[in-house]
Amino acid sequence: TGRKQAEGEIQRERAFFDRLVESAPEGIAIADTQGRIMRVNAEFVRMFGYGVDEVVGQYLDDLVVPPARQEEAKALTRSTIQGEKNLLETVRRRKDGTLVDVSLIGASILVAGKQEAVYAIYRDITDRKRAEEALRASEMRYRTFINATSDLVFLKDESFRYLMSNEANNSFLGASEGNVIGRTDFDLMPNEAAEHCR
């Protein structure tokens, strides 16, 4: 009876683990300590375009790492197999050759203190990367426009510290932007002039 109860508990834990892995919104690959894939979840299949039968037994790095990232991947795999937990943003390759921006977590799976496997969790961050790139482009256009004017343009916080200063204002203050940001007019000009500005 005790053995049957223990087996039932193990089956429940396994079912819980299986459900957790399969329903995760991230792509998950579990590999042996040599980096050969033992299991992937549904999101990994969707994200990378491989069928389960195409990946099991294959080396993870051979399947999803683009040529330009091979050295990075080898170092990451070595580090993970040696027991380190790794977190980085990188690029991986789908079956059709297209690239996907991912946030990647790699770590060991220990059972009774012994390393039994490693896992990699991939989150697709393509949309976020596109938004960041669009924001950078917008910021560049904004800075180009602001610096093109001969008017003094600046932004200060409620304590009158500079948050932004264009080239004309920096020239007026006789300082570089790096020496203006975070400072007040009292740091940059005589008190009477600073009081007038305030």
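Quick notes on the rules
Residues numbered from 1 in each chain as written. Predicted model: local features only at pLDDT ≥ 70, side-chain atom pairs only at ≥ 80, totals over all residues. Heavy atoms only, no water. Helix = DSSP H or I, 4+ residues; strand = E, 2+ residues; numbered from the N terminus. Rg over C-alpha atoms; globule rule 2.2 N^0.38 Å. Buried < 20%, exposed > 50% of the residue type's maximum accessible area, 1.4 Å probe, protein only. Areas by Shrake-Rupley, 256 points an atom, 1.4 Å probe, with all protein chains shown as cover. Lys, Arg positive; Asp, Glu negative; His and termini not counted. Charge placed at Lys NZ, Arg CZ, Asp CG, Glu CD. Salt bridge = Lys/Arg side-chain N within 4 Å of Asp/Glu carboxyl O. Pairing = 2+ DSSP bridges. Contact = heavy atoms within 4.5 Å. Core = buried A, V, L, I, M, F, W, Y, C linked by side-chain atoms within 4.5 Å. Phe/Tyr/Trp six-rings, centres within 6.5 Å; stacked < 30°, edge-to-face > 60°.

Q: What exactly am I supposed to notice about the overall build of the protein chain here?
A: Regarding its fold elements, the protein chain presents 10 helices and seven strands. Computed over C-alpha atoms, the radius of gyration of the protein chain comes to 27 Å, more than 25% over the 16 Å expected from 2.2 N^0.38 for 198 residues, which places it beyond the range of a compact globule. Buried positions account for 32% of the 198 residues belonging to the protein chain. As displayed, the protein chain offers around 12700 Å² of accessible surface, 54% of which is attributable to carbon and sulfur atoms. Across the protein chain, the centroid of the 28 positively charged side chains sits 6 Å from that of the 33 negatively charged ones.

Q: Would you mind showing me how to read the pattern of salt bridges here?
A: Pairing between side chains of opposite charge can happen when the charged atoms of each approach one another. In the structure shown here, the tally under the stated rule is 17 salt bridges. One salt bridge in this structure joins Glu132 and Arg128, with 2.9 Å as the shortest N-O distance. In this pair, Glu132 and Arg128 both sit in helix H6 (residues 126-148), four residues apart, roughly one turn of the helix. Using a relative accessible area of 37% as the deciding quantity, one classes Arg128 as partly exposed. Residue Glu177 is joined to Arg143 by a salt bridge in which the shortest nitrogen-to-oxygen separation is 3.2 Å. One end of the pair, Glu177, is in helix H8 (residues 177-180); the other, Arg143, is in helix H6, and 34 residues separate them in sequence. Take Arg143: its relative accessible area is 27%, and that puts it in the partly exposed class. Taken together, the salt bridges that share partners define one network made up of Glu89, Arg128, Lys129 and Glu132.

Q: How do you make sense of the pairing of strand E1 (residues 27-31) when you look at a structure like this?
A: The two faces of a sheet get side chains in turn, since along a regular strand they alternate between them. Among the five residues that make up E1, five are buried, leaving the element largely enclosed by the rest of the structure. Neither face of E1 is open: one carries Gly27, Ala29 and Ala31, the other Ile28 and Ile30, and all of them are buried. Relative to strand E5 (residues 114-124), E1 runs antiparallel, the two being bridged by five bridges. The residue of E5 that forms the bridge with Ala31 is Val118. Pairing analysis gives three bridges linking E1 to strand E2 (residues 37-40), with the strands arranged antiparallel.

Q: I keep staring at the side chain of Thr80 and nothing clicks. Help me out?
A: Of note, Thr80 is situated in helix H5 (residues 70-81). Each residue touching Thr80, except ones within four places of it in the same chain, is listed here: Asn86, Gly106, Ala107, Ser108, Gln115 and Val118.

Q: Is there a simple way to think about the nonpolar core in this case?
A: Among soluble globular proteins, nonpolar side chains are generally buried collectively. Within the largest apolar cluster, 19 residues are counted, with the highest numbers of intra-cluster contacts made by Phe44, Phe48, Val55, Leu60, Val64 and Tyr122. Those elements giving two or more residues to this core turn out to be E2, helix H2 (42-48), helix H4 (60-64), H5, strand E4 (99-111) and E5. Tyr162, Leu173, Met189 and Ala194 belong to the second largest nonpolar core, which has six residues in total.

Q: Looking at this structure, I do not really get the packing of aromatic side chains. What am I missing?
A: Geometry of an aromatic ring pair is reported as the spacing of the ring centres plus the angle between the planes. Counted under the stated rule, the structure contains four aromatic pairs. Between Phe48 and Tyr122 the ring centres are 5.2 Å apart and the planes differ by 80 degrees, which places this aromatic pair in the edge-to-face class. Within this pair, whereas Phe48 is found in helix H2, its partner Tyr122 is found in strand E5, the two being separated by 74 residues in sequence. Look at Tyr122 and you get buried, because its relative accessible area is 2%.

Functional significance is not addressed by these values, which are geometric in nature.
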